[in-house]
Amino acid sequence: MTDVQGLFADDAGTTRCAWCQATPLYRHYHDHEWGWPVADDRRLFEKLCLEGFQAGLSWLTILNKREAFRRAFAEFDAERVAAFDESDVQRLLGDAGIVRHAGKIRSTINNARRMLELRAEFGSLAAYVWRFEPEPAGRPERLTHEAVKAMPTSPASHALSRDLRKRGWSFVGPTTMYAFMQAMGLVNDHLEGCHAREAALAARAEFKRPV
């Protein structure tokens with residue numbers, strides 16, 4: 001495999017963003033999820049929660065535990081998670097399959113309650129989140145390794161972070177929110193030359209923004 005300007009080619013000659021090189025699971029996530037636009041509330045809520053758990057860790061660590069997180073947090077059904085109480089916190093602190101961090105567990109329960117408030121106000125979490133999609137004019141003309149490295153945050157991720165914090169959400173800093181926007185397709189940060197970039201662009205072109 002080779003790694004050139006943020007890209008690598010596997011043994012079959014398929015070129016991908018270098019960050020997914022570590023494992024087949026990571027490459028599958030890169031090829032089929034990361035950067036594709038999402039309007040499903042459960043998936044959006046799950047990603048917001050898991051990005052919070054990732055703080056201080058790698059995404060691969062969280063991805064490897066994702067199925068355990070889903071089992072632990074009722075498949076990220078916000079209404080069910082919002083009903084969790086202190087006994088659930090203690091149960092989750094004993095679950096070796098997830099990241100056992102009391103602050104992040106309580107944050108997930110809190111954010112589920114805040115999500116229900118957002119849904120009541122905007123109709124869906126998706127309709128709220130996609131209001132923060134950045135304008136194309138504010139994006140780099142070419143998505144190079146250097147361009148992406150220079151964007152750990154963005155004006156849109158700062159705006160989303162600020163608004164969520166005002167609404168009582170936690171573990172939603174601007175860097176975390178930019179990673180969320182990358183993963184959920186609000187931006188397409190597959191690098192120029194990555195085989196998935198054009199497919200993600202096509203998916204965004206066909207995507208109906210929720211209102």
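In case you missed it, the structure is sitting above this.
The structure presented is a predicted model; accordingly, all values stated were derived computationally and were not measured.

**Q** Help me understand the overall build of the protein chain in this model?
**A** When helices and strands are tallied, the protein chain shows 12 helices and 3 strands. The globule rule puts the C-alpha radius of gyration for 211 residues at 17 Å, and the 17 Å found for the protein chain is close to it. Based on the C-alpha atoms only, the size of the protein chain along its principal axes is roughly 50 × 35 × 25 Å. Residues counted as buried form 51% of the 211 residues belonging to the protein chain. Taking as baseline every contact in the protein chain between residues at least 6 positions apart, the subset at least 24 positions apart corresponds to 63%. Roughly 10,100 Å² of accessible area belongs to the protein chain as shown, and the carbon and sulfur atoms make up 51% of that amount. Each charge class in the protein chain can be summarised by its mean position, and for the 29 positive and 28 negative side chains these summaries are 4 Å apart.

**Q** Please clarify how the nonpolar core should be interpreted in this entry.
**A** Looking at soluble globular proteins, one finds that nonpolar side chains tend to be buried together. Formed by 53 residues in total, the largest nonpolar core has its most connected members in Phe-45, Phe-69, Phe-73, Leu-125, Trp-169 and Phe-180. By residue number, the principal contributor to this core is helix H2 (residues 41–54), which donates 6 residues. Within the second largest apolar cluster, 10 residues are counted, among which are Val-148, Tyr-178, Val-187 and Cys-194.

**Q** Can you walk me through unusual backbone geometry in this structure?
**A** Excluding glycine, residues mostly carry a negative phi; peptide bonds, for their part, are mostly trans. Positive phi is not limited to glycine here, since Glu-75 has a value of about 55°. A residue is classified by how much of its surface remains accessible, and Glu-75, at 39% relative accessible area, is partly exposed. In this model, Phe-76 sits at a positive phi of 55°, which is unusual for a non-glycine residue. Among the secondary structure elements, Phe-76 is positioned in the loop between helix H4 (66–72) and helix H5 (78–82).

**Q** Explain the pattern of salt bridges to me, please; I cannot follow it from the model alone.
**A** Applying the stated criterion across every chain, the model contains 17 salt bridges. With a shortest N-O distance of 3.1 Å, Arg-91 and Asp-88 are connected by a salt bridge. Of the two residues, Arg-91 and Asp-88 are both situated in helix H6 (residues 86–93); the distance of 3 residues between them amounts to about one turn of the helix. A salt bridge links Asp-189 to Arg-139; its shortest N-O distance comes to 2.5 Å. Within this pair, whereas Asp-189 is found in the loop between helix H11 (174–183) and helix H12 (197–206), its partner Arg-139 is found in the loop between helix H8 (125–129) and helix H9 (145–149), the two being separated by 50 residues in sequence. As far as burial versus exposure is concerned, Asp-189 and Arg-139 are alike and both buried.

**Q** Which parts of the structure should I look at to understand the environment of Arg-165?
**A** Here Arg-165 shows up in helix H10 (residues 155–166). Here the alpha-carbon distance between Arg-165 and Lys-149, two residues 16 residues apart in the chain, equals 25 Å. In this structure, Arg-165 is in contact with Val-172, Gly-173 and Pro-174, ignoring residues within four places of it in sequence.

**Q** Would you take a moment to explain the state of the cysteines for this structure?
**A** By definition, a disulfide links two cysteine residues through a covalent bond between their sulfur atoms. By the definition in use, this model includes 0 disulfides. Between Cys-20, a cysteine without a disulfide, and Cys-17, which holds the nearest cysteine sulfur, the sulfur-to-sulfur distance is 6.5 Å. In this structure Cys-20 comes out as buried when scored by relative accessible area, which is 0%. For the unlinked cysteine Cys-194, the closest cysteine sulfur is that of Cys-17, found at 3.8 Å. Given the relative accessible area of 6%, Cys-194 is considered buried.

Thresholds applied
Residues numbered from 1 in each chain as written. Predicted model: local features only at pLDDT ≥ 70, side-chain atom pairs only at ≥ 80, totals over all residues. Heavy atoms only, no water. Helix = DSSP H or I, 4+ residues; strand = E, 2+ residues; numbered from the N terminus. Rg over C-alpha atoms; globule rule 2.2 N^0.38 Å. Buried < 20%, exposed > 50% of the residue type's maximum accessible area, 1.4 Å probe, protein only. Contact = heavy atoms within 4.5 Å. Areas by Shrake-Rupley, 256 points an atom, 1.4 Å probe, with all protein chains shown as cover. Lys, Arg positive; Asp, Glu negative; His and termini not counted. Charge placed at Lys NZ, Arg CZ, Asp CG, Glu CD. Core = buried A, V, L, I, M, F, W, Y, C linked by side-chain atoms within 4.5 Å. Salt bridge = Lys/Arg side-chain N within 4 Å of Asp/Glu carboxyl O. Disulfide = S-S within 2.5 Å.

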